[in-house]
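Topology and contacts: notes
Below, each chain spelled out in residue letters.
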Amino acid sequence: MTTDLTASARVRPDVAPIQRRTLSLLFGTQIIGGIGVTIGVAVGALLAARIAGTAVAGLTQSAAVVGAALLAIPITRITNGHGRRPGLAVAYLVGAIGAVLVVFAAATRSVPLLLLGSLLFGGGAAANLQARYAAVDLAEPARRGRQLALIVWATTIGAVAAPNFAALADTVTDGWGLPPLAGPYAFSAAAFVLAAGVLLALLRPDPLLTARRLEATDTAVASPPPTTESPAGGPPAGGLTVARRGAGMRAAWQVVRDRPPARLGVAAVAVGHAVMVAVMSMTPVRLGESHGDADVLRVVGIVLSLHIAGMYALAPLVGWLADRLGRRAVILGGVALLLAACAIAGTADHHTPQLTVGLVLLGLGWSGTMVGGSTLLSESVPATVRPSVQGFSDLTMGLAGASAAAISGFVMRAAGYPVLTLLAAIVAVPLVALALRRGPVAAPDRED
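For every chain, the first residue of the written sequence is number 1, and numbering continues from 1 along that sequence. Reporting of local features is limited, given that this is a predicted model, to residues whose pLDDT is at least 70; pairs of side-chain atoms are given and counted only at 80 or more, and all residues count toward the totals for whole chains, interfaces and linings. Think of the side-chain values as coming from all heavy atoms in the structure, minus any hydrogens and water.

Some thoughts on unusual backbone geometry
The omega angle of the peptide bond from Arg204 to Pro205 is -5°, so this bond is cis rather than trans. The helix and strand labels rest on DSSP assignments: H or I over at least four residues marks a helix, E over at least two residues marks a strand, and numbering proceeds from the N terminus. Along the chain, Pro205 falls in the loop between α6 (183-202) and α7 (207-222). Despite not being glycine, Arg109 shows a phi value in the positive range, around 55°. Tracing the backbone through its elements, the reader meets Arg109 in the loop between α3 (84-108) and α4 (111-134).

If you want it as structure tokens, here you go:
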């Protein structure tokens, strides 16, 4: 027997207001968190170059990416045991600690402290990523894609506004005795603390704990009483046991491995992110081959701004399509856009307008795989193990992106940008076969 996970379902009267409140809070904290992340990223490479030279400049961003990926593990454990509210708050507070360490590193010109601070600074990005999952804990099946995409889109507001605050932050903190370029990180720390405080104070009731309680009630009604205890007289075989068992990444992988839709969701998010990062990270280098020093920064800024707009600006439309056409269709559309982007960018030579079109399509393709994959993953597993599986997905995505960024530099130097885009396209092709492979999908709230 199969169940259509995207079919409409009546929302319980007590859940609808909780979901509206949750979405409003997440939308606001995503803007605040997006400002905190981007205002630091905007000056991170420049600050690192002043402290330790150009060779170290790229390591700060790499450290933040790796930090966001690795912090998914402890954040998942907190979320799994205590709910979304403490998990997101701790992630933001870790990011705030990292931002403060970067300020101290700037004052003392300490490279190890700078890298440690950048690693912990990734907590802000990890919180922004995890927030999209909190948006679908209580969402109607027919609106999950749109509501997840709304929170993804909210990040755009903060990301676009943040660079404009960087100079202001530096000017304001100049009177505090902070070194140049340290001020934006001080503002990042304040933004992260504010986001954590808002979530701790106002995200009540917790959406994940509420979803688990409702799921446990539905299961208890549908199941006979004897199933609440193990045959050996051990602990109950209900959601709490599953939640404990799902606390680790190994258990999360076992859940993903046993569920084809969950496998597709994780693969779509990770592969889409890896392809996007590989091509995007080397595009400034490609532009530098055809533009002089006087123009290259301006051109790179325009191209990457349009790329970021492609990633986030149309996320609500992508979410609507995921609800109307299905998650797999949107994932396949995202892969098609990624392949088109690689073809257009890879054959652009030094024609900047064509390269720009390729980068915009690259952002749109990433949006399709991210929104479609995240929504499919969230609805393919029970609430008891959902945080663990989502944390596993973010860990996989972060490591895939960091690996792609590292490898892309070697490929660019050895074979050039066209070969890099070709290899990126090849990486995306198996995702098509995985998305086209269909099998019976059982309702997650009736399993485990």
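Structure's up, so let's keep going.
Considering the packing of helix α13 (residues 327-346) against helix α14 (residues 352-379)
Two numbers describe how α13 lies on α14: the axes approach to 7 Å, and their chain directions differ by 155°. The angle between the axes of α13 and α14 places the two elements in the roughly antiparallel class. At the point where α13 passes α14, the crossing takes the left-handed sense. Each residue is assigned to one of three groups, with Ala, Val, Leu, Ile, Met, Phe, Trp, Tyr, Cys and Pro labelled nonpolar, Asp, Glu, Lys and Arg labelled charged, and all others, Gly among them, labelled polar. Here the contact of α13 with α14 is composed, by residue class, of 16 nonpolar, 9 polar and 2 charged. Each axis is a line fitted through C-alpha atoms, and for a helix only the stretch in contact is used; angles between axes span 0 to 180 degrees, taken between their N-to-C directions. Each angle is binned into one of four classes, with values under 35 degrees roughly parallel, values over 145 roughly antiparallel, values of 65 to 115 roughly perpendicular, and all other values oblique. Whether a crossing is left-handed or right-handed is set by the direction in which the near helix is turned from the far one by less than a right angle, anticlockwise for left-handed and clockwise for right-handed.

A few points about the nonpolar core
Definition of nonpolar core: a set of buried residues of the types Ala, Val, Leu, Ile, Met, Phe, Trp, Tyr and Cys, connected through side-chain atoms within 4.5 Å. In this scheme, a residue with accessible area under 20% of its type's maximum is buried, one over 50% is exposed, and one in between is partly exposed, where area comes from a 1.4 Å probe on protein chains only. The biggest cluster of nonpolar side chains holds 51 residues, and the ones touching the most others in it are Val275, Leu355, Leu362, Tyr417 and Leu431. It is helix α10 (residues 260-288) that provides the largest number of residues to this core, a total of 11 residues. Contacts are assigned to residue pairs with any non-hydrogen atoms lying within 4.5 Å of each other. Not counting residues up to four positions away in its chain, the partners in contact with Val275 are Leu338, Cys342, Leu362, Ala424, Val427 and Ala428. Counting residues in hydrophobic clusters, the runner-up holds 38 residues, among them Ala89, Ala99, Ala134 and Ala195.

What about the packing of α10 against α14?
At a minimum axis distance of 8 Å, the contact between α10 and α14 shows a crossing angle of 160°. When the interaxial angle is binned, α10 and α14 end up roughly antiparallel. In this structure, α10 meets α14 at a crossing whose hand is left-handed. Considering only residue class, the contact of α10 with α14 consists of 18 nonpolar, 8 polar and 1 charged.

Comments concerning a nonpolar patch on the surface
On the surface, a cluster of nonpolar side chains totalling about 400 Å² of accessible area is made up of Phe165, Leu168, Val172 and Trp176. Considering the arrangement of structural elements, one finds Val172 in helix α5 (residues 144-174). Excluding any residue in a salt bridge, patches collect residues exceeding 30% relative accessible area, merging like charges within 9 Å and nonpolar Val, Leu, Ile, Met, Phe, Trp and Tyr side chains within 5 Å. Shrake-Rupley sampling with a 1.4 Å probe provides the accessible areas, and residues are treated as covered by the protein chains on show and by no other component. A pair is scored as a salt bridge if a Lys or Arg side-chain nitrogen falls within 4 Å of a carboxyl oxygen belonging to Asp or Glu.

Let's talk about helix α15 (residues 386-415)
Multiplying 1.5 Å by the residue count of a helix minus one yields the expected span of that helix. For α15, spanning 30 residues, the distance from its first C-alpha to its last is 42 Å, which sits close to the expected 44 Å at 1.5 Å a residue. Gly416 occupies a position one or two residues after α15 and carries a positive phi of about 100°.

Quick notes on the packing of aromatic side chains
Working definition: a ring pair exists when centres of Phe, Tyr or Trp rings (six-membered ring for Trp) sit within 6.5 Å. Plane angles under 30 degrees give stacked, over 60 give edge-to-face, the rest tilted. Taken as a whole and assessed by the stated rule, the structure comprises 6 aromatic pairs. Between Phe121 and Phe192, the aromatic rings sit 5.5 Å apart at their centres with planes inclined by 55°, giving tilted as the arrangement. Of this pair, Phe121 sits in helix α4 while Phe192 is found in helix α6, placing the two residues 71 residues apart along the sequence. Residue Phe121 shares its accessibility class with Phe192, and that shared class is buried. Aromatic side chains Tyr312 and Trp366 sit 5.5 Å apart centroid to centroid with 70° between the ring planes, which places their arrangement in the edge-to-face category.

Considerations on the confidence of the model for the chain
Summing up the model confidence of the chain, the mean pLDDT is 84 and the portion of residues at 70 or higher is 83%. The element-level mean pLDDT for the chain is lowest in helix α8 (residues 239-245), coming to 42, with α13 highest at 97. Per residue, pLDDT captures the predictor's confidence, and it can take any value from 0 to 100. Within the model, pLDDT remains below 50 along residues 226-246, and this stretch shows 19 contacts once partners closer than five positions in the same chain are excluded. Within the model, pLDDT remains below 50 along residues 441-448, and this stretch shows 23 contacts once partners closer than five positions in the same chain are excluded.

Section: the pattern of salt bridges
A complete count under the given rule lists 9 salt bridges for this structure. For Asp349, the salt bridge is made with Arg286, and the minimal N-O distance between the two is 3.8 Å. Linking Asp349 in the loop between α13 and α14 with Arg286 in helix α10, this pair joins segments that are 63 residues apart in sequence. A salt bridge links Arg327 to Asp323, with the shortest nitrogen-to-oxygen separation between them at 2.8 Å.

Let's talk about the side chain of Arg327
Here Arg327 shows up in helix α13. According to the relative accessible area criterion, Arg327 is buried, its value standing at 3%. Here a polar contact is recorded for every N or O atom pair within 3.5 Å, except that within protein the pair must consist of a potential hydrogen donor and a potential acceptor, and residues adjacent in sequence are included only if both atoms are side-chain atoms. A polar atom in the side chain of Arg327 sits 3.1 Å from the backbone oxygen of Pro141.

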